[in-house]
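Residue strings, one per chain:
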Amino acid sequence: MTAYTRVTLNPYMTATRYLRKLPYPNDITEIPSLVSGLIIQADYDVNDPDSLTRNRVSDTAMTVVGAPELVTYGVVCDEQNYIDTNIDISAYNADDMSMIVISDRLTAGQAGLVGHLVLTGTQRYRGVLAAADKWTAKWLTSGIVNQEAAIAVSTPEGYSEFVAARFIRDAGDGSMMTKVRTQRYLAEFTRTAAITPANMPSATMKIGATASGSGTSAATVRAVLVFNRALSDEEMALIYQIYANYYEYHEAGFSL
């Protein structure tokens, strides 16, 4: 005997509830197991005060300097109020690095987002800088010459930007290479120089500030990931998708 299910349409009833479609993958805690070499993973939640000092891939807590302000899935930093990662950048002088920052665009001035950025005097830098008109990956050659890869800001209203910098000591021909990318539109700019990079001094990387007090604007930072190697395009795309889905799943109020 065949069983049937009868479905009846009621034309006089309006549905007011529906099943929400959940984006996947959306678990940011899985990233360390999916992409190797992660030394800093920081992301923020106004309902979780511990997120200010949490590095998801280290037992060593970060340090709050001043009073950076937790906001909805972000932290507002400036030169007096930022986060010290307590990770010494000089430990990675012999390594390639990748730095990813999810940040709101600036409306004026400039702000250090992550890394070690001494922009005055005896300059030393390896990190990501934001300005109202561009995102910049900054590195220094052993000849103490700026190697800067910059890309124009094109962040739509209601969006944050996923900015990825890659610092490659040897691009295959002995040249150092600095790359910056915004993932949404796959826009990328690359600089190379036939020289080795400068070694960074012993100094901890900062989130939301430069090391020389050169920032002139506050920045809203939503997440920071730092790797001790150069990521592939595919790995960056995966991280972008996970964080985009994470913010959508939690209805964060902005998109990537």
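The structure presented is a predicted model; accordingly, all values stated were derived computationally and were not measured.

Peer 1: Can you explain the packing of aromatic side chains? Please cite residues and give values.
Peer 2: Per the counting criterion, the structure on display carries eight aromatic pairs. Ring geometry for Phe162 and Tyr240: centres 5.3 Å apart, planes at 90 degrees, overall edge-to-face. Residue Phe162 is located in strand β11 (residues 161-168), and its partner Tyr240 is located in helix α2 (residues 233-249); the two are separated by 78 residues in the primary sequence. Overall, the relative accessible area of 1% leaves Phe162 in the buried class. Lying across the ring of Tyr125, Lys138 places its NZ or CZ 4.6 Å from the centre. Across the ring face of Tyr185, the terminal group of Arg184 is positioned such that the distance to the ring centre comes to 5.4 Å.

Peer 1: Let's hear about the environment of Asp95: which residues, and what values?
Peer 2: Within the secondary structure layout, Asp95 lies in the loop between β5 (82-88) and β6 (97-103). Each C-alpha atom, one on Asp95 and one on Phe227, is 9.7 Å from the other, the two residues being 132 residues apart in sequence. Residues in contact with Asp95, not counting those within four places in the same chain, are Arg126, Arg169 and Asn228.

Peer 1: How would you sum up the pairing of strand β13 (residues 187-193)? Please name residues and give values.
Peer 2: Bridge analysis of strand β12 (residues 176-182) against β13 gives seven bridges, and the strand direction is antiparallel. The residue bridging Arg181 from the neighbouring strand is Glu188, located in β13.

Peer 1: Give me the lowdown on the pattern of salt bridges, citing residues and values where you can.
Peer 2: Side-chain pairs of opposite charge can arise whenever the charged atoms involved come near each other. In total, this model carries 13 salt bridges according to the counting rule given. As a salt-bridge pair, Asp233 and Arg166 come within 3.0 Å of each other at their nearest N and O atoms. With Asp233 in helix α2 and Arg166 in strand β11, the pair connects residues that are 67 residues apart, well separated along the chain. On the basis of relative accessibility, which here comes to 6%, the residue Arg166 falls in the buried class. Glu188 is paired through a salt bridge with Arg181; the nearest N and O atoms lie 3.1 Å apart. Residue Arg181 is classed as buried on the basis of its relative accessible area, which comes to 8%.

About the cut-offs
- Within every chain, residues take consecutive numbers counted from 1 along the sequence as written.
- Given that this is a predicted model, residues contribute local features only at a pLDDT of at least 70 and side-chain atom pairs are listed and counted only at 80 or more, while totals for whole chains, interfaces and linings are drawn from all residues.
- Calculation of side-chain values draws on the structure's entire complement of heavy atoms; hydrogens and water are dropped beforehand.
- Centres within 6.5 Å make a pair out of two Phe, Tyr or Trp rings, where for Trp the six-membered ring is used; the pair is then stacked when the planes are under 30 degrees apart, edge-to-face when over 60, and tilted otherwise.
- Secondary structure counts use DSSP, requiring at least four H or I residues in a row for a helix and at least two E residues in a row for a strand, with both numbered from the N terminus.
- With a 1.4 Å probe rolled over the protein chains alone, any residue whose accessible area is under 20% of its type maximum counts as buried; one over 50% counts as exposed, and the rest are partly exposed.
- In this analysis the charged atom, NZ for Lys or CZ for Arg, is taken to sit over a ring once it is within 6 Å of the ring centre and within 35 degrees of the ring normal.
- Contact definition: two residues touch when any of their heavy atoms are within 4.5 Å.
- Pairing between strands is defined by DSSP: at least two bridges between the two strands are required.
- By salt bridge we mean one thing: a side-chain nitrogen of Lys or Arg within 4 Å of a carboxyl oxygen of Asp or Glu.

Shape descriptors only; they carry no functional weight alone.
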